[in-house]
Amino acid sequence: MGWSGTIIHEGIIYVGTLDGRVVAINSSTENIEWSYSIAPVTAPSGGFSCGGTSIPTAIYSTPVADKDMVYVGTYSGKVLALNTLARSQNLTFPHRGYSEWEWDCPIDNARSNAIVANLLVGEDDIYVSSSNGRVYSLDMEFGDLNWESEVLDKEHRKLWTSPVIQGNTLYTGTYDGHIYGLSLETGELANWSFESEAGFASSPVIYDDTIYVGSFDRYLYAVKIGTDVPIWKFPEETPAGNWFWASPVIKEGIICAGCLDGKLYAINTTTGKEIWSYMTKEQKDETSPVISLPVLMDNLLIVVNESGMVYVFDLNAELANEGMPWRTIPIGTAVRSSFCAQDGLVYIRDEENWIYAVDIDRGEVSWRIPLTTEE
Amino acid sequence: MVEVWNLIIGNPVLNVLVALSQILSGQFGLAIIALTVIVRLISWPLSKRQLKSSKAMQDMQPKLQELQKKYGKNQQKLQQETMKLYKEAGVNPLGCLWPMLIQLPIWIALYQAIMRALATTPENLLDLAQRLYSWDIVNQAIPLSSKFLWLDLGQPDPYLILAIIVGGTMWVQQKMTQAPSVDPRQQSTSRMMTMMMPLMFGFLTLMFPSGLALYWAVSNIIGIITQYFFTGGWGYLKFRSPFQST
């Protein structure tokens, strides 16, 4: 859950913005290839006010790309399939000849249909979690609805965390403290579900048949699929300083989790014991929350905190075992969204809608461009 | 300035509201009602003064009628004598406005607390994480449910029910406390205020989150009950102004 981050696919960086644009940037030429603005939605107003209410078309979910297609979910409850060739020619959307489509999430029982969670791409389908409490499966080619799940969290509805797939089951965490398994074929609930006292704040991650997920009670839980009791919760006794908002990343038995208390924790996946932790700071030495998901690039773990400090840990080096970063690169701007990394460069969108390419080896910003110069 | 506000009023109100919600079985609506009662209890010394003033005004009505008979044709003299009478009795005819003005920061803090606590956007949810105290009771309450009776507390009431309750209770409370004035202009102003304020708040109810309107409604009802028992009746609600007959 968070703000639309970057992905890189075939040399093109894709990103969504809070003002409702999907932007494609060529990572080689450092130019905007195309930008598509999603039209605002007008909904009937309540009360005595005249006219309709304009619903913002903010994009919170990170786009996903497959071949020539880019898929994105919007806060106004739409899923768009954009063809990169059609968009670079600025053709009318949706252009059927280029397999483009648009899907409107139903407004279920007057509940918001906003899409905040990242879309999940399966083999031929896309899975969409909505603020109306349902998960939807869409045909990737035509945007047709395959199935819709029952309402998973009747109390809060908001499914703002992204689901994950293992085998033929899709797993999703809810704000009322459940982890549900859904059949990928039918959307029906699997036999197993997990119930916790506290709601789940972060998107779950699966590693070795175990689900790792952050909770609103400031713990990180490890739940073996098929069991009713967590294997462990971290920290063991007193809770962390804040929520584990970002999903953790896992490599070779080590789970790395960023926390809103500003710390990065490295935890043993089997025992749940802390291996090391590191308190990230801002340039004035104050703590700054880790909102963005950490990213792995080979043996490097990259973490960015809200104040825009990029920390690089070499997981193979001795320093990492002591929780010391190999590199610290300040970019000096607020970062909340997830980011991606490829070929030694990390692509970060800041809150001012600039894209930064950070060169890890050189330890500096290689280039940056605003997302507002071209339409 | 914003940081000071949040430190002293904004964050404490938010955390108390969230903690109350946990105590009251996760019912955010009940937490708002409980907070309203707490606010009314804290402001009781002020309310008591206002009620005393209101009672004194009520008791003065026969004397005011006498003045009206005596100086009815000389408005200036009538006004002077009336003000003298008020001064002697130590009452302020506009005293009922003070409790409302003092409640204004609470309304603002409560509005912010409701919007923050219910976290209708990811920004709100992240902002909430930064504002919550590390109390267990607070962290166990998150995330809150916005459902209460027929209301979604983070959204305006789609029906007119809450608007009618807020407007109606405010009108009753104002009628109970608003003393008639000897000055026709002041009388006309206060009559207009008695109508305009309930209408305005009824209208605001249609636009603001119903959680805030719930606070207004409960606060008004508590005001009516305390006024009824303190002054021993419906006050000016049943009292016909002597000046209306002229």
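Model, not experiment: these values are computed from the prediction.

Here we look at the pairing of strand E29 (residues 309-314) of chain A
Residue and element names in this part refer to chain A.
Next up, step 1: Within E29, five of the six residues are buried, leaving the element largely enclosed by the surrounding structure.
Next up, step 2: In the sheet, strand E28 (residues 300-304) pairs with E29 via five bridges, with the strands oriented antiparallel. When the sheet's bridge partners are listed, Leu300 is paired in E29 with Asp314.
Next up, step 3: If you look at the hairpin formed by E28 and E29, you'll find four residues sitting between the two strands, and Gly308 has a positive phi there, around 85 degrees.
Next up, step 4: Examined bridge by bridge, E29 and strand E30 (residues 327-330) share four bridges and lie antiparallel to one another. Paired with Val312 across the strands is Arg327, a residue of E30.

So, the sheet that holds strand E31 (residues 340-342) of chain A
Residue and element names in this part refer to chain A.
Next up, step 1: Overall, antiparallel pairing links the four strands, which are arranged E31-E32-E33-E34 in an open sheet. Since the sheet does not close on itself, it has two edges, and those belong to E31 and strand E34 (364-370), each with one partner. On average, each strand axis in the sheet is inclined to that of its neighbour by 20 degrees, with strand direction left out of account.
Next up, step 2: Taken together, the five bridges between strand E32 (residues 345-349) and strand E33 (residues 354-359) define a ladder with antiparallel strand orientation. Each bridged residue has a counterpart across the sheet, and for Leu345 the counterpart in E33 is Asp359.

Some points on the confidence of the model for chain B
Next up, step 1: Confidence along chain B averages 82 in pLDDT terms, with 89% of residues attaining 70 or more.
Next up, step 2: Mean pLDDT values over the elements of chain B span from 75, in helix H3 (residues 44-59) of chain B, up to 91, in helix H1 (residues 2-23) of chain B.

Considerations on unusual backbone geometry
Next up, step 1: Cis peptide bonds are those with omega within 30 degrees of zero, and the linkage from Phe93 of chain A to Pro94 of chain A qualifies with -10 degrees.
Next up, step 2: That bond from Ile142 of chain B to Pro143 of chain B is cis: its omega, 0 degrees, falls within 30 degrees of zero.
Next up, step 3: Its place among the elements puts Pro143 of chain B in the loop between helix H8 (136-141) and strand E1 (147-148).
Next up, step 4: Phi at Glu10 of chain A is positive, roughly 50 degrees, even though this residue is not glycine.
Next up, step 5: Of note, Glu10 of chain A is situated in the loop between strand E1 (6-9) and strand E2 (12-16).
Next up, step 6: One non-glycine residue, Asp208 of chain A, lies in the positive phi region at around 55 degrees.
Next up, step 7: Locating Asp208 of chain A in the fold gives a position in the loop between strand E19 (205-207) and strand E20 (210-214).

Thoughts on the interface of chain B and chain A
Next up, step 1: Across the boundary between the two partners, chain B contributes twelve residues, which contact 21 residues of chain A.
Next up, step 2: When contributions to the side of chain B that touches chain A are tallied by element, the ones reaching two or more residues are helix H7 (122-131) and H8 of chain B.
Next up, step 3: Taken together, the residues that form the side of chain B that touches chain A break down as nine nonpolar, three polar and no charged.

Re the nonpolar core
Next up, step 1: Within the largest apolar cluster, 149 residues are counted, with the highest numbers of intra-cluster contacts made by Val128, Val310 and Val346 of chain A together with Ala117 of chain B.
Next up, step 2: When residues no more than four places from it in sequence are discounted, the contact partners of Val346 of chain A are Ile302, Val310, Phe339, Ala341, Val358 and Ile360 of chain A.

Focus: the packing of H3 of chain B against helix H11 (residues 210-231) of chain B
Residues and elements named next belong to chain B.
Next up, step 1: For the pair H3 and H11, the least separation of the axes is 10 Å and the interaxial angle reads 50 degrees. Taken as axis vectors, H3 and H11 run oblique relative to one another. Along this stretch, H3 crosses H11, giving a crossing that reads as right-handed. Where H3 approaches H11, its residues Ser47, Leu51, Ser54, Lys55 and Gln58 are matched on the opposing element by Thr226, Gln227, Phe230 and Thr231.
Next up, step 2: Across the contact of H3 with H11, the residue classes break down as two nonpolar, six polar and one charged.

Describing the confidence of the model for chain A
Next up, step 1: Per-residue confidence for chain A averages 90 on the pLDDT scale, and 94% of its residues sit at or above 70.
Next up, step 2: In this model, residues 46-50 of chain A is a region of pLDDT below 50 whose contacts with residues beyond four sequence positions or in other chains number six contacts.

Notes on H7 of chain B
Next up, step 1: Within H7 of chain B the residues assigned to the buried category are Pro122, Leu125, Leu126, Leu128 and Ala129 of chain B. For H7 of chain B, the buried positions fall inside an angular range of 155 degrees around the axis, keeping them on one side.

How each quantity is defined
- Residues numbered from 1 in each chain as written.
- Chains lettered and ligands numbered in written order.
- Predicted model: local features only at pLDDT ≥ 70, side-chain atom pairs only at ≥ 80, totals over all residues.
- Buried ≥ 20, exposed ≤ 12 C-beta atoms within 10 Å, placed from the backbone.
- Helix = DSSP H or I, 4+ residues; strand = E, 2+ residues; numbered from the N terminus.
- Pairing = 2+ DSSP bridges.
- Axes fitted to C-alpha atoms, helices over the stretch in contact; angles between N-to-C directions.
- pLDDT = per-residue confidence, 0-100.
- Contact = placed C-beta atoms within 7 Å.
- Nonpolar A, V, L, I, M, F, W, Y, C, P; charged D, E, K, R; others polar.
- Core = buried A, V, L, I, M, F, W, Y, C linked by C-beta atoms within 7 Å.
- Parallel < 35°, antiparallel > 145°, perpendicular 65-115°, else oblique.
- Left-handed = near helix turned anticlockwise from the far one by under 90°.
- Arc of directions from axis to C-beta.

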